[in-house]
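Okay, here's what each chain looks like letter by letter:
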Amino acid sequence: MSTDLPVLRPEGSGPAPGAPPGPGTAAPRRLPLPPLLAALTAALLISVLCGTGLGAAGVTWAETLRHLRAGLTGGTITPDEVSSYTIVWELRFPRALLAAVVGAGLSAVGVAVQAMVRNALADPFVLGISSGAAIGANAVLLFGALASLGVWALSGAAFVSALAAMVLVYLAARTPQGLTPLRLVLTGSAMYYGFSAVTTLMIFMAERGEAARSAMMWLLGSLGGATWASLPVAAAVVLAGIGALLWWARSLNALAMGDETAAALGVDPDRMRRGLFVLAAAVTGAVVAVSGAIGFVGLMVPHVTRMLVGADHRRVLAVAPLLGAVLLVWVDIASRLLLAPVELPVGVLTALIGVPCFVLLMRRRRYSFGGA
């Protein structure tokens, strides 16, 4: 019996998401890569600037640009500008940058996970890492665990519990023959429900009030806690993860075509899958630790990217992080402005946007299960 899951893929595009077209299959039309990368880079810069200038508090664009220049160059500000400078430099700017980092990380890991488990329905949270991270985060938010770590308590606890979840999933999923896609997905899904049950029990047992609200906000995804302290570690892990995936792009192309094909091309599928599992868990844990569980980005962006540039992972991994970064910056802007001064959870908006977009994507591309 085959251990591969039925996959959702464009008809005639190959055995799995990310697999190049086979012999006799017409390659889809692709956008030229250099102009697309230039356009997305410019769009990201403009998006971060808009994320810094837009908000419920009334800060003019002239003030925003002046405060950014002062912060970047070490310039001085007048005493009456301290309040607006704090809003721009200490709150909005690191938040916009963190949104870009989280969007890039989730999108890149989404590409890797879909190739790793050979299932187009997979996303960074299918391995159960995000729900594992939620246990550590809720321990801090609800019960004050690791209070001695100060501002690092929440992200540190979430990251450590995410790594612990990774170890549990790996130990439960591995076999003498290695990690198979089916066992990995089933184990991750089962662990997800188990970790979510623990998280729900923690919220139920905690005292009602602001702590429970903060825990629910974190579970739904929020960038409201962005600070300069939380940005460097997440950015470093995401950049390292994207660099490693770009280095492995050719191997990902082989892996997406099936284990037998990958082995024939000189790629050890089991070793490759273990490396991807560790990388995906590390990047997902680092991202979830600072933003909570933001869904649909890692599921939707890889598919949109393949529509634009084709299935070659060298092209997909160059475009998907930029596209995901731009998307999440604008979703975060919307979360702050739609019901200002009340802030919506970012994960709610990504789901509201992602569900109809993904349905339209499937209809347009005639996706079907198992090529049926």
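Residues numbered from 1 in each chain as written. Predicted model: local features only at pLDDT ≥ 70, side-chain atom pairs only at ≥ 80, totals over all residues. Heavy atoms only, no water.

A short note on the overall build of the protein
Short version of the rule: The helix and strand labels rest on DSSP assignments: H or I over at least four residues marks a helix, E over at least two residues marks a strand, and numbering proceeds from the N terminus. Relative accessibility decides the category of a residue: with a 1.4 Å probe and only protein chains considered, values under 20% of the type maximum give buried, values over 50% give exposed, and everything between is partly exposed. Between two residues, a contact is recorded if the distance between any of their heavy atoms is within 4.5 Å. Using the Shrake-Rupley algorithm and a 1.4 Å probe, accessible areas are obtained, with residue cover drawn only from the displayed protein chains.
The number of helices and strands found in the protein is 14 helices and two strands. When burial is assessed residue by residue, the protein has 51% of its 372 residues classed as buried. In the protein, once contacts between residues fewer than 6 apart in sequence are set aside, the share between residues at least 24 apart is 76%. When the accessible surface of the protein is totalled, it reaches about 16700 Å², and 68% of it is carbon and sulfur.

Remarks on the packing of helix 9 (residues 249-256) against helix 11 (residues 269-291)
The condition is simple: A fitted line through C-alpha atoms serves as each axis, taken over the contacting stretch for helices, and the angle formed by two N-to-C directions is quoted from 0 to 180°. Handedness of a crossing is defined here by the sense of rotation of the near helix relative to the far one, left-handed for an anticlockwise turn of less than a right angle and right-handed for a clockwise turn. Classification convention: Asp, Glu, Lys, Arg as charged; Ala, Val, Leu, Ile, Met, Phe, Trp, Tyr, Cys, Pro as nonpolar; all other residues, Gly among them, as polar.
Look at helix 9 against helix 11: their axes get within 11 Å of each other, and the N-to-C directions meet at 120°. Here helix 9 and helix 11 pass one another in a crossing that is left-handed. Contacts between helix 9 and helix 11 involve Ser251, Leu252 and Leu255 from the first element and Pro269, Met272, Arg273 and Leu276 from the second. The residue inventory of the contact of helix 9 with helix 11, partitioned by class, reads five nonpolar, one polar and one charged.

Concerning the environment of Ser155
Along the chain, the position of Ser155 falls in helix 5 (residues 153-173). In sequence terms Ser155 and Ser291 are 136 residues apart; their C-alpha atoms lie 8.9 Å from each other.

Points about a nonpolar patch on the surface
This is how it is decided: Here the term patch refers to residues with relative accessible area over 30% and no salt bridge, with like charges joined within 9 Å and nonpolar side chains (Val, Leu, Ile, Met, Phe, Trp, Tyr) within 5 Å. We define a salt bridge as a contact between a side-chain nitrogen of Lys or Arg and a carboxyl oxygen of Asp or Glu at a distance within 4 Å.
On the surface, Phe143, Leu201, Phe204 and Met205 cluster together into a nonpolar patch covering about 480 Å² of accessible area. Looking at which element gives the most residues to the nonpolar patch, the answer is helix 6 (residues 181-205), with three residues. Tracing the backbone through its elements, the reader meets Leu201 in helix 6.

Quick word on the packing of aromatic side chains
A ring pair, where both rings are aromatic, is described by two values, the distance of the centres and the angle of the planes. Selection rule: Ring pairs are drawn from Phe, Tyr and Trp, using the six-membered ring of Trp, whenever the two centres fall within 6.5 Å, and their geometry is named by plane angle: stacked under 30 degrees, edge-to-face over 60, tilted for the rest.
The final tally for this structure, using the stated rule, is five aromatic pairs. Between Phe93 and Trp228, the aromatic rings sit 5.7 Å apart at their centres with planes inclined by 70°, giving edge-to-face as the arrangement. Residue Phe93 is found in helix 3 (residues 82-117), and its partner Trp228 is found in the loop between helix 7 (210-219) and helix 8 (231-247); the two are separated by 135 residues along the sequence. On the accessibility criterion, Phe93 (12% relative accessible area) is buried. Here Trp228 falls in the partly exposed class, since its relative accessible area comes to 27%. Site record: aromatic cluster; members linked through ring pairs are Trp89, Phe93 and Trp228.

Overview of the confidence of the model for the protein
Just so we agree on the cut-off: pLDDT runs from 0 to 100 and stands for how confident the predictor is about each residue.
Mean pLDDT over the protein: 81, with 87% of residues reaching 70 or higher. Confidence over residues 1-15 falls short of pLDDT 50; this stretch has 45 contacts with residues more than four positions distant or in other chains.

A look at helix 8
Rules: How far a helix is expected to stretch is found by multiplying one less than its residue total by 1.5 Å. The directions considered for the arc run from the helix axis to the C-beta atoms.
The terminal C-alpha atoms of helix 8, which comprises 17 residues, lie 24 Å apart, in line with the 24 Å expected from a rise of 1.5 Å per residue. Regarding helix 8, the residues found buried are Leu231, Ala234, Ala235, Val238, Gly241, Ile242 and Leu245. All buried residues of helix 8 project into a common sector of 135° when viewed along the axis, lining one side. Across from the buried face of helix 8, at angles greater than 90 degrees, the exposed residues are Leu239 and Trp247. Structurally, helix 8 contributes buried residues whose contacts are with helix 3, helix 9, helix 11 and helix 13 (313-337).

Quick word on the packing of helix 3 against helix 11
Note the cut-off: Small angles under 35 degrees read as roughly parallel and large ones over 145 as roughly antiparallel, with 65 to 115 read as roughly perpendicular and the rest as oblique.
The interhelical angle for the contact between helix 3 and helix 11, taken along N-to-C directions, is 155°, at an axis separation of 9 Å. What the angle tells us is that helix 3 and helix 11 run roughly antiparallel. Note on packing geometry: the crossing formed by helix 3 with helix 11 is left-handed. Facing helix 3, whose interface residues are Leu98, Val102, Gly105, Leu106, Val109, Ala112, Val113 and Met116, helix 11 presents Arg273, Leu276, Phe277, Ala280, Val283, Thr284, Val287, Val290 and Ser291. Looking at the contact of helix 3 with helix 11 residue by residue, the class counts come to 13 nonpolar, three polar and one charged.

Let's talk about the pattern of salt bridges
Per the counting criterion, the structure on display carries six salt bridges. The partner of Glu343 in a salt bridge is Arg95, and the shortest N-O contact between them spans 2.8 Å. Of this pair, Glu343 sits in the loop between helix 13 and helix 14 (346-365) while Arg95 sits in helix 3, and the two are 248 residues apart along the sequence. Residue Arg274 pairs with Asp270 through a salt bridge whose shortest N-O separation is 2.5 Å. A residue pair is termed a helical-turn pair when its members lie 3 or 4 positions apart in one helix, as Arg274 and Asp270 do in helix 11 at four residues. You can call Arg274 partly exposed: its relative accessible area is 33%.

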